[in-house]
Amino acid sequence: MDIHCRHCGEPWDHDELHDMEGHTYKQAAVAFRSYGCGAFVRFLNSVNSPSVVKETCQYSPIYPPEMLELIGQSQDMSPYPDEWSSPDEIEIMLQAAEEMF
Ligand SMILES: [Zn+2]
């Protein structure tokens, strides 16, 4: 199953959350929800301080802003990555909504 960065839309395999260094799966999900792809990048803020600073994804978006907004909303609604909507699922929901009206 893929999860998508809310900032650029890039897909990641959700198993990557299990492999995020220094994080439990749950912490990794929280980090991904706020930083997107940036959650997987480690930035050391100084040589003397080993603490890790994450930065929000800076990649160019591969989806229009409306889609990224909906990806973000579905991530805000659930702490469980397997409940987050993919762009494909969002497309289908949008189409179904259009047909209703
Ligand atoms: Zn991203």
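Note that residues are indexed from 1 along each chain, following the sequence as it is written. Given that the model is predicted, a residue must reach a pLDDT of at least 70 before its local features are reported, and side-chain atom pairs must reach 80 or more before they are shown or counted; all residues, however, enter totals for whole chains, interfaces and linings.

Asks: Is there a simple way to think about the overall build of the protein chain in this case?
Replies: A count of helical and extended segments in the protein chain gives 3 helices and 4 strands. In the protein chain, the succession of α and β elements from N to C terminus is β-β-α-β-β-α-α. Relative to all contacts within the protein chain whose residues are 6 or more apart in sequence, the contacts with residues 24 or more apart total 45%. For the purposes of this entry, the term helix denotes a DSSP run of H or I that reaches at least four residues, the term strand denotes a run of E that reaches at least two, and both are numbered from the N terminus. Throughout, a residue-residue contact means that the two C-beta atoms, derived from backbone geometry, are no farther apart than 7 Å.

Asks: I would appreciate a short explanation of the nonpolar core in the present structure.
Replies: Soluble, globular proteins show a tendency: their nonpolar side chains are buried together. Any set of buried Ala, Val, Leu, Ile, Met, Phe, Trp, Tyr and Cys residues joined through C-beta atoms within 7 Å is what this text calls a nonpolar core. With C-beta atoms placed from the backbone, a residue is buried if 20 or more other C-beta atoms are within 10 Å of its own, exposed if 12 or fewer are, and partly exposed between those counts. Membership of the largest hydrophobic core is limited to 10 residues, which are Ile3, Cys5, Leu17, Ala28, Ala29, Phe32, Cys37, Ala39, Cys57 and Trp84. For this core, the leading source of residues is helix H1 (residues 25-35), giving 3 residues.

Asks: Hey, could you run me through the environment of proline 61 in this one?
Replies: Tracing the chain through its elements places proline 61 in the loop between strand E4 (52-53) and helix H2 (65-77). Proline 61 gets classed as partly exposed once you count the C-beta atoms within 10 Å, which come to 15. Considered as a pair, proline 61 and cysteine 8 are 53 residues apart in the sequence and their alpha carbons are 3.7 Å apart. Beyond its immediate chain neighbours, meaning those up to four positions away, proline 61 contacts Cys8, Gly9 and Leu68.

Asks: Please clarify how the environment of serine 85 should be interpreted in this entry.
Replies: Its location among the elements puts serine 85 in the loop between H2 and helix H3 (87-100). A tally of 19 C-beta atoms within 10 Å means that serine 85 is categorised as partly exposed. In this structure, the C-alpha to C-alpha distance between serine 85 and histidine 4, residues 81 residues apart in sequence, is 8.4 Å. For serine 85, the residues in contact, after removing those within four places along its chain, are Ile71, Ser74 and Ile90.

Asks: Help me out: how do you make sense of H1 in this one?
Replies: A turn of α-helix holds 3.6 residues, and therefore any two residues three or four places apart point the same way. Inspection of H1 places Ala28, Ala29 and Phe32 among the buried residues, and these make up the whole buried set. With its buried residues spanning 100 degrees around the axis, H1 presents them on a single face. In this structure, the buried residues of H1 make contact with strand E1 (2-4). Residue glycine 36 follows H1 closely and has a positive phi angle near 60 degrees. Regarding the arc, it is the one traced by the directions from the helix axis to the C-beta atoms.

Asks: Would you explain H3 in this entry?
Replies: Take the residue count of a helix, subtract one, and multiply by 1.5 Å to get its expected span. Taking 1.5 Å per residue, 14 residues should reach 20 Å; H3 reaches 20 Å between its end C-alpha atoms and fits that length. Counting buried residues along H3, only 0 of its 14 residues qualify, which leaves the element largely exposed.

Asks: I would appreciate a short explanation of the environment of proline 81 in the present structure.
Replies: Note on placement: proline 81 falls in the loop between H2 and H3. By C-beta crowding, proline 81 is classed as partly exposed, having 19 other C-beta atoms within 10 Å. For the pair proline 81 and histidine 4, spaced 77 residues apart in sequence, the C-alpha separation works out to 9.7 Å. Contact partners of proline 81, with chain neighbours within four places excluded, come to Ile3, His14, Leu17 and Ala29.

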